[in-house]
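The primary structure of each chain is shown beneath.
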Amino acid sequence: MSDVSELDKKQITRLNKLQKRLRREVGSAIADYNMIEAGDRVMVCLSGGKDSYTMLDILVNLQQRAPVDFEIVVVNLDQKQPGFPEDVLPAYLDSLNVPYHILEKDTYSIVKEKIPEGKTTCSLCSRLRRGTLYGFAHRIGATKIALGHHRDDIIETLFLNMFYGGKMKAMPPKLLSDDGANVVIRPLAYSREKDIAEYAALKSFPIIPCNLCGSQENLKRAEVKALLKSWDKQFPGRIETIFTAMQNTAPSQGVDRAAFDFVSLTKDPTATMAGDVAEADLPAFDFMDVSNSGHIDLDNAAKRIDVVELFQP
């Protein structure tokens, strides 16, 4: 268990505040997207990073207070990276008294063999890891797979796909795998990375860095992260607005033909003028000859309407 006994009064107050905020955000995300239901067996994927530690901590906390019963099974994939501290996670999980499995699969050698030196290995590494975890979830009867992606990850992915992939696509809080066999949930979808980082530091989680590729930075994601960080600093509230916008999409106001049927869009001949019509309540054309082309003075036409209505019996 994380040792917080050495924190001072101010730090303890801050830790409690962060825990309440994260617990509230995770609870809201679970409720909004129906992530966890009664009787679920949730496979929590623990990588050893700040995000997955925080996700597990909050889920265990919520499990004790949730209105529905659900199981938590923790799974870590040991990818046989050189120098990986194999004793850290078992010791931590033993202290929590939660069921867990450490899967050993040498994806490190596969990645090193397939990816040329100096190239980003993250994509292949994540695919291999995902495949292994999906298969194990099926074997243990897990009904949900919980991943530690947070709100910043979701927004960054949106901009990565926009800038480099030509797609309006992000990370959904809840996802059905392509084969339909697994449901993936992201309980931290409403939580900010900076809150998670501070919470993890105060809890003194035994963080294990990803050194599969020498802590190689994904340059494109780093670029987007830096952009969003600068916006957050220069324009407070902008990141929150972006995320809110992602929750309020309007396909009919976009240009995606697959998301909205523009082809079949036609005028309704029986419709009554209303809504975005500037002269809806001033039917000037009813009193004017518009059969010939030329200038039409709507202001004077409106005055004519007033005169006609004034002298009507």
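What counts and what doesn't
- Residues numbered from 1 in each chain as written.
- Predicted model: local features only at pLDDT ≥ 70, side-chain atom pairs only at ≥ 80, totals over all residues.
- Heavy atoms only, no water.
- Helix = DSSP H or I, 4+ residues; strand = E, 2+ residues; numbered from the N terminus.
- Buried < 20%, exposed > 50% of the residue type's maximum accessible area, 1.4 Å probe, protein only.
- Contact = heavy atoms within 4.5 Å.
- Phe/Tyr/Trp six-rings, centres within 6.5 Å; stacked < 30°, edge-to-face > 60°.
- Lys NZ or Arg CZ within 6 Å of the ring centre and 35° of its normal.
- 1 Å grid on protein atoms, 1.4 Å probe; cavity = no way out; pocket = protein on both sides within 12 Å on 5 of 7 lines; lining within 4 Å.
- Points joined across faces, edges and corners; volume = space filled by probe spheres on them.
- Nonpolar A, V, L, I, M, F, W, Y, C, P; charged D, E, K, R; others polar.
- Axes fitted to C-alpha atoms, helices over the stretch in contact; angles between N-to-C directions.
- Salt bridge = Lys/Arg side-chain N within 4 Å of Asp/Glu carboxyl O.
- Core = buried A, V, L, I, M, F, W, Y, C linked by side-chain atoms within 4.5 Å.
- Pairing = 2+ DSSP bridges.
- Right-handed = clockwise from strand over helix to strand, strands pointing away.

Peer 1: When you look at unusual backbone geometry in this model, what are you seeing that I'm missing?
Peer 2: Glycine aside, the phi torsion of most residues is negative, and most peptide linkages are trans. A positive phi angle is found at Asn34, which is not glycine, with a value near 50°. Of note, Asn34 is situated in the loop between helix H1 (9-32) and strand E1 (41-45). Given a relative accessible area of 37%, Asn34 falls into the partly exposed group. Of note in the backbone geometry, Asn97 takes a positive phi value of approximately 60° without being a glycine. Within the element layout of this structure, Asn97 appears in the loop between helix H3 (88-96) and strand E3 (100-104).

Peer 1: It is not clear to me how the environment of Gly49 should be interpreted in this structure. Could you clarify?
Peer 2: Structurally, Gly49 is set in the loop between E1 and helix H2 (50-63). Separated by 156 residues in sequence, Gly49 and Phe205 have C-alpha atoms that sit 8.6 Å apart. With near-sequence residues (within four places) excluded, Gly49 lies in contact with Ile207 and Ile208.

Peer 1: Please explain the packing of aromatic side chains as it appears in this structure.
Peer 2: Aromatic rings considered in pairs are described by the distance between their centres and by the relative angle of their planes. For the structure shown, the criterion picks out 10 aromatic pairs. Ring geometry for Phe260 and Phe262: centres 4.9 Å apart, planes at 65°, overall edge-to-face. Residue classification places Phe260 among the partly exposed residues on the basis of a relative accessible area of 26%. When the ring centre of Trp231 is taken as reference, the NZ or CZ atom of Arg238 above it lies at 5.2 Å.

Peer 1: Any chance you could explain the layout of surface pockets here in plain terms?
Peer 2: One number sums up the size of the second largest pocket: a volume of about 700 Å³. Leu158, Met168, Ala245, Met246 and Thr249 are the residues nearest the centre of the second largest pocket, which is lined by 24 residues in total. Mapped by element, the contributors of at least two residues to the lining of the second largest pocket are helix H6 (151-165) and helix H9 (238-246). A class-by-class count of the residues in the lining of the second largest pocket yields 18 nonpolar, 4 polar and 2 charged.

Peer 1: Teacher, can you tell me more about the packing of helix H8 (residues 219-234) against H9 here?
Peer 2: When two helices pack together, you describe them by how their axes are tilted relative to each other and by the distance separating the axes. Relative to each other, H8 and H9 sit at 115°, their axes nearing to 8 Å. Between H8 and H9, the contacting residues are Leu228, Trp231 and Asp232 on the first element and Arg238, Ile239 and Ile242 on the second.

Peer 1: Would you take a moment to explain the environment of Ser204 for this structure?
Peer 2: Structurally, Ser204 can be placed in the loop between helix H7 (193-203) and H8. Accessibility expressed as a relative area gives 43% for Ser204, which makes it partly exposed. For the pair formed by Ser204 and Lys50, sequence separation is 154 residues and the distance between their alpha carbons is 9.7 Å.

Peer 1: Got a minute to help me understand the pattern of salt bridges in this structure?
Peer 2: Pairing is possible between side chains of opposite charge, provided their charged atoms come close. If you walk through the whole model with that rule in mind, you get 14 salt bridges. The residue Asp232 makes a salt bridge to Lys194 at a minimum N-O spacing of 3.3 Å. Taken together, the positions of Asp232 in helix H8 and Lys194 in helix H7 put the pair 38 residues apart, joining distant regions of the chain. Relative accessible area serves as the criterion here: at 25%, Asp232 is assigned to the partly exposed category. Judged by relative accessible area, which is 47%, Lys194 ranks as partly exposed. In this structure, a network of salt bridges that share partners links the residues Lys50, Asp51, Glu156, Glu193, Arg221 and Lys225.

Peer 1: I would appreciate a short explanation of the nonpolar core in the present structure.
Peer 2: When a protein is soluble and globular, its nonpolar side chains tend to lie buried together. Among the nonpolar cores identified, the biggest contains 50 residues, and Ile36, Val44, Leu56, Leu59, Ile72 and Leu93 are the most heavily contacted of them. No other element matches the 7 residues that H2 contributes to this core. Core analysis: the next-biggest nonpolar cluster, separate from the first, contains 15 residues, Val73, Leu103, Leu133 and Ile140 among them.

Peer 1: Honestly, the pairing of E3 in this entry has me stumped. Any pointers?
Peer 2: Within a regular strand, side chains alternate between the sheet's two faces. By the bridge criterion, 5 bridges tie strand E2 (residues 71-78) to E3 in an arrangement that is parallel. Bridge pairing in E3 links Asn76 to Ile102. Where the polypeptide runs from E2 across H3 and back to E3, its parallel neighbour, the crossover connection is right-handed.

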